[in-house]
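Residue-level structure breakdown
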Amino acid sequence: MRQNPSFAMTDVQEIRRIIDEHPWATLVSHTDEGLVASHYAVLLDQDHDDLTVVGHVGRPDDAIHGLGGREVLLVFQGPHGYISPGWYGDAPSVPTWNFVSVHLSGTPEILSPEENLQVLDRLVDRFESRMPQPRRLWERPNDEKFVRGLEKGTVGFRLTPHRVVAKRKLSQNKPDHVVDTIIRELASGSGPYTDPRLPAEMQRAHDRLRAARDER
């Protein structure tokens, strides 16, 4: 991902927030057969306060990616959406796409079976907790044999990235009144391509930018 200093995200807590709110990640590796990409839910490692993440892949994806033996790239996609040039006012302009993305690169550590079970348990808890009647991993009708068998069909990993590229392209290069118009248009649902979470993300980012500017 090409970086632009104006759009760079460097606040670790903000990057952690994006990962936590958008855990569906793309796992990319360069193998002898070429590039390979898979898609899995990945969580922040609760035992670290940095950008270490944990997850799992289903067998044989571990072998396909050479998991643990080579560098991989994890891509987290935050809110994004189409920005119409009609929202810029009466000035020459072209469309663009606003987005937030986080790229983590590193060589994963393979987890032990017990650590992998803990990750699987956390994943189920994370997403089932929002259901009206959550079904936890260790609850009936699941039994220990079923859960242990599930673990054997997966490979858990922990990734502490050695390279982080995080980008928040949210019209920071536009005047305040244009940004306010874009947020208003996105919030109204007038664009057919927009993520409804995008205006809230833009508002958050620009509130922080304006507060920092006012402090100067």
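Residues numbered from 1 in each chain as written. Predicted model: local features only at pLDDT ≥ 70, side-chain atom pairs only at ≥ 80, totals over all residues. Heavy atoms only, no water.

1. Focus: the sheet that holds strand β8 (residues 154-159)
Basically, it comes down to this: For two strands to be treated as a pair, DSSP must find at least two bridges joining them. Secondary structure elements follow DSSP: runs of H or I no shorter than four residues count as helices, runs of E no shorter than two count as strands, and numbering proceeds from the N terminus.
Taken together, the four strands give an open sheet; going across it, the order is β3-β4-β8-β7, and neighbouring strands pair in antiparallel fashion. Looking at strand neighbours, the two that pair on one side only are β3 (43-44) and β7 (109-110), the edges of this open sheet. As judged from the six bridges shared by strand β4 (residues 53-58) and β8, these two strands associate in the antiparallel manner. For Gly55, the partnering residue across the bridge sits in β8 and is Phe157.

2. What to know about the pairing of β8
Look at any regular strand and the pattern is simple: side chains alternate between the two faces of the sheet. Basically, it comes down to this: Note on classification: 1.4 Å probe, protein chains only; a residue is buried when its accessible area is under 20% of the maximum for its type, exposed when over 50%, partly exposed between these limits.
For β8, the buried fraction is high: six of the six residues fall into the buried class. Neither face of β8 is open: one carries Thr154, Gly156 and Arg158, the other Val155, Phe157 and Leu159, and all of them are buried. Here two bridges tie β7 to β8, and the two strands are oriented antiparallel to one another. Its bridge partner being in β8, Glu109 is matched across the sheet by Arg158.

3. Observations concerning the nonpolar core
Most often, soluble globular proteins keep nonpolar side chains buried together rather than apart. Note the threshold: Take the buried Ala, Val, Leu, Ile, Met, Phe, Trp, Tyr and Cys residues and link them wherever side-chain atoms come within 4.5 Å; each set so joined is a nonpolar core. For this analysis, residues touch if any pair of their heavy atoms sits within 4.5 Å.
Counting residues in each nonpolar core, the largest one holds 35 residues, and the members touching the most others are Ile19, Val53, Leu74, Phe76 and Leu104. For this core, the secondary structure elements donating two or more residues are α1 (12-21), β1 (24-31), β4, β5 (72-83), β6 (96-106), β8, α5 (176-188) and α6 (198-214). Considering every element that reaches this core, the biggest residue donor is α5, with five residues. Dropping the residues within four chain positions of it, Ile19 is found in contact with Leu44, Leu51, Val53, Phe76, Val102 and Leu104. Grouped together as the second largest cluster of nonpolar side chains are six residues, Leu43, Val54, Val119 and Leu123 included.

4. Focus: the packing of aromatic side chains
Quick note on the threshold: Aromatic rings from Phe, Tyr and Trp, with only the six-membered ring used for Trp, were paired whenever their centres fell within 6.5 Å, and each pair was classed as stacked if the ring planes differed by under 30 degrees, edge-to-face if by over 60, and tilted otherwise. The criterion is that NZ of a Lys, or CZ of an Arg, lies within 6 Å of the ring centre and within 35 degrees of the ring normal, and then a charge sits over that ring.
One pass over the full model with this rule turns up one aromatic pair. Note on Tyr82 and Trp97: the rings are 6.0 Å apart at their centroids and 65 degrees apart in plane angle, and the pair reads as edge-to-face. With Tyr82 in strand β5 and Trp97 in strand β6, this pair connects stretches of sequence that are 15 residues apart. Overall, the relative accessible area of 36% leaves Trp97 in the partly exposed class. If you follow Lys174 out to its NZ or CZ, it ends over the ring of Tyr88, 4.3 Å from the centre.

5. Overview of the pattern of salt bridges
What counts, and what does not: Salt bridges are defined as contacts in which a side-chain nitrogen from Lys or Arg sits within 4 Å of a carboxyl oxygen from Asp or Glu.
Enumeration according to the criterion identifies 19 salt bridges in this entry. A salt bridge links Arg208 to Asp11, with the nearest nitrogen and oxygen atoms 3.2 Å apart. Of this pair, Arg208 sits in helix α6 while Asp11 is found in the segment before α1, placing the two residues 197 residues apart along the sequence. Its relative accessible area of 40% is what places Arg208 among the partly exposed residues. The class for Asp11 is partly exposed, based on a relative accessible area of 33%. A salt bridge links Arg213 to Asp176, with the nearest nitrogen and oxygen atoms 2.6 Å apart. Highlighted residues: Arg213 in helix α6 and Asp176 in helix α5, separated in sequence by 37 residues. Its relative accessible area of 40% is what places Arg213 among the partly exposed residues. The exposure class assigned to Asp176 is partly exposed, which follows from its relative accessible area of 30%.

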